[in-house]
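Residue-level listing of the chains:
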Amino acid sequence: MHHTIGEILRTIRQSAYQDDLRGLKHDLLMFDIPLWYYLNLETSQADRLPPEKEDLLMRFFALDPAILPQLRTAVDLKQAVSDAMLALLDKHAWQFRRMQLPWPDSAQVAQHFPSAHNSDPAAKFRYADLLRFLRVTILKKPVVSLADYFDLPPLIYWQMETAQKPLTADMVAWLKEVLNTDDLRQYTHADDLMAVVDQAYDNGTVMDL
């Protein structure tokens, strides 16, 4: 059994959108894919497309491109696609649950790790304090969101935010970018961190993820 790329795309689309071509067209626009072009692909008798096109189409359907070899040789293509879609729903449900997991108050935990990795006797705040303040007060994101953003396990990110581990160079660079400064001392040495960051935020210099 071998299925063409057209058969695979058509089966995935029917599972995800049924006959809702209007909704399909709307979503395709976000990927800069014209509806007519996509529908032509559904009639393709080719075994495969260039890898970058296959990756783009699989990402459009939120599927891992690595699943394509299984779909190409599936005995029951419709069932294989259905199983993949159910696995995708389970993955999204788990990601949602991860976002809801409660973490201890990091400000309280950080008090037990007083040594600053960016040690400066005059500094009133550490890089960990800046990171935590931005996440909680400005970005209003859960721990998992920032961990995913930095491509870190949540526990490792948590240890950085609570000053148990030093921030990576990339994270320090991110702090500078977010706070629109080449010198974080205006924040680490501030008497009132809320006031200084709020001023930057009001001026539109603090970006979102």
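Cut-off values and rules
Residues numbered from 1 in each chain as written. Predicted model: local features only at pLDDT ≥ 70, side-chain atom pairs only at ≥ 80, totals over all residues. Heavy atoms only, no water. Core = buried A, V, L, I, M, F, W, Y, C linked by side-chain atoms within 4.5 Å. Buried < 20%, exposed > 50% of the residue type's maximum accessible area, 1.4 Å probe, protein only. Helix = DSSP H or I, 4+ residues; strand = E, 2+ residues; numbered from the N terminus. Arc of directions from axis to C-beta. Contact = heavy atoms within 4.5 Å. Salt bridge = Lys/Arg side-chain N within 4 Å of Asp/Glu carboxyl O. pLDDT = per-residue confidence, 0-100.

Caption draft 1: Region of interest: the nonpolar core. Tyr157 and Trp174 are the most contacted members of the largest nonpolar core, which totals 28 residues. Elements supplying a minimum of two residues to this core: helix H8 (127–139), helix H9 (143–149), helix H10 (154–161), helix H11 (169–178) and helix H13 (193–202). Of the residues forming this core, the biggest block, seven residues, is contributed by H8. Listed in part, the 25 residues of the second largest apolar core include Ile8, Ile12, Tyr17 and Ile67.

Caption draft 2: Local environment of the environment of Val143. Relative to the assigned elements, Val143 resides in helix H9. Of the residues examined, Val143 reaches a relative accessible area of 3% and is grouped as buried. Sequence separation of Val143 and Glu161 is 18 residues, and the distance between their C-alpha atoms is 9.2 Å.

Caption draft 3: H11, seen in detail. Every buried residue of H11 is accounted for by Met171, Val172, Trp174, Leu175 and Val178. Along the axis of H11, the buried residues cluster in a sector spanning 155 degrees; they form a single face. Turned more than 90 degrees away from the buried face of H11 sit Ala169, Asp170 and Glu177, all of them exposed. Buried-residue contacts for H11 involve H8, H9 and H10. Just beyond H11, the residue with positive phi is Asn180, at close to 55 degrees.

Caption draft 4: Spatial organisation of the pattern of salt bridges. On inspection of all chains with the given rule, the structure shows seven salt bridges. The partner of Asp129 in a salt bridge is Arg126, and the shortest N-O contact between them spans 3.4 Å. Residue Asp129 shares its accessibility class with Arg126, and that shared class is buried. Through salt bridges with shared partners, a single ionic network connects Arg126, Asp129 and Arg132.

Caption draft 5: The arrangement of the confidence of the model for the chain in detail. Residue-level pLDDT values for the chain average 80, and 80% of them are 70 or greater. The secondary structure element of the chain with the lowest average pLDDT is helix H7 (residues 106–110), at 57, and the one with the highest is helix H3 (residues 35–42), at 93.

Caption draft 6: Main features of the environment of Arg135. Of note, Arg135 is situated in helix H8. Under the relative-accessibility criterion, Arg135 is labelled buried at 9%. Taking the C-alpha atoms as reference, Arg135 lies 9.5 Å from Glu161; in sequence the two are 26 residues apart.

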